[in-house]
Amino acid sequence: MKLVVALLLLTSGLAQAAPEGSALYAQHCATCHQADGSGTVGLAPSLKGEHWARLGADRSYMAGVLQHGLSGPIMVNGQRFIGSMPAFAGQLDDAQLAAVATHVMSLQGRPGEAYTAAELKAARDAGGSPPQSRERRTQLLK
Ligand code: HEC
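Residues numbered from 1 in each chain as written. Predicted model: local features only at pLDDT ≥ 70, side-chain atom pairs only at ≥ 80, totals over all residues.

A. Spotlight on the packing of helix α5 (residues 94-107) against helix α6 (residues 117-126). Closest axis-to-axis distance for the α5/α6 pair is 8 Å, and the angle between their directions is 110 degrees. By the angle class used here, α5 and α6 are roughly perpendicular. Residues Asp94, Ala95, Leu97 and Ala98 of α5 form the contact with α6, whose participating residues are Ala117, Glu119, Leu120, Lys121 and Arg124. Considered class by class, the residues forming the contact of α5 with α6 number five nonpolar, no polar and four charged. (Axes fitted to C-alpha atoms, helices over the stretch in contact; angles between N-to-C directions. Helix = DSSP H or I, 4+ residues; strand = E, 2+ residues; numbered from the N terminus. Parallel < 35°, antiparallel > 145°, perpendicular 65-115°, else oblique. Contact = placed C-beta atoms within 7 Å. Nonpolar A, V, L, I, M, F, W, Y, C, P; charged D, E, K, R; others polar.)

B. Main features of the packing of helix α4 (residues 59-68) against helix α7 (residues 130-141). As a packed pair, α4 and α7 sit with axes 9 Å apart at the nearest point and diverge in direction by 165 degrees. By the angle class used here, α4 and α7 are roughly antiparallel. Note that α4 runs across α7; the crossing there is left-handed. Where α4 approaches α7, its residues Tyr61, Gly64, Val65 and His68 are matched on the opposing element by Pro130, Gln132, Ser133, Arg136, Arg137 and Leu140. Grouping the amino acids of the contact of α4 with α7 by side-chain chemistry returns four nonpolar, four polar and two charged. (Left-handed = near helix turned anticlockwise from the far one by under 90°.)

C. Focus on the site of the ligand. Around the ligand sit 28 residues, and of these Cys29, Cys32, Ala44, Gly83 and Met85 come closest. Those elements that provide at least two residues to the shell around the ligand are α2 (30-33), α4, β1 (70-76), β2 (79-85), α5 and α7. Within the shell around the ligand, the residues separate by chemical class into 19 nonpolar, seven polar and two charged. (Near = placed C-beta within 6 Å.)

The quantities given are spatial measurements derived from coordinates; they are silent on function.
This is the structure in structure tokens:
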């Protein structure tokens, strides 16, 4: 019986995660990255592209960017960006950021397991900074 209740709670939690992720994305991310994640020339990069095969392979990369931000020159789909992605650690909690990260994966057309609040908490606890996220990105794309 306990297991059934746990499963029901789990599935209802998952059912809520998707809409919340898209709503949070629309509210906090779409101004810069556009509703479909294709980015804004000169302002924010596209969140899609072949480089996500590598960036996405380390799930903690996106978690770290969302918690701690990203800054400095980066190449995205052959375009150079020198911008600053704000840290969201102070604005959104781990469950909300997990929902947003999962929504980004769906915009990227990368099917995969939903991000969990625990993964986002691990990134929060690990600490970081915008330049450190960029260093991480460079390593992953080597
Ligand atoms: C004020 C504009 C702005 C907002 C709002 C913003 N971003 Fe960003 N984001 C950026 C910029 C600029 C970069 C690239 C930073 C750089 O040039 O180093 C970036 C980078 C990223 C990256 C890394 C891309 C890569 O190729 O490594 C991800 C993932 C990302 N943003 C997701 C989000 C999500 C999800 C949200 C909402 C919670 C969000 N961003 C909100 C401007 C923004």
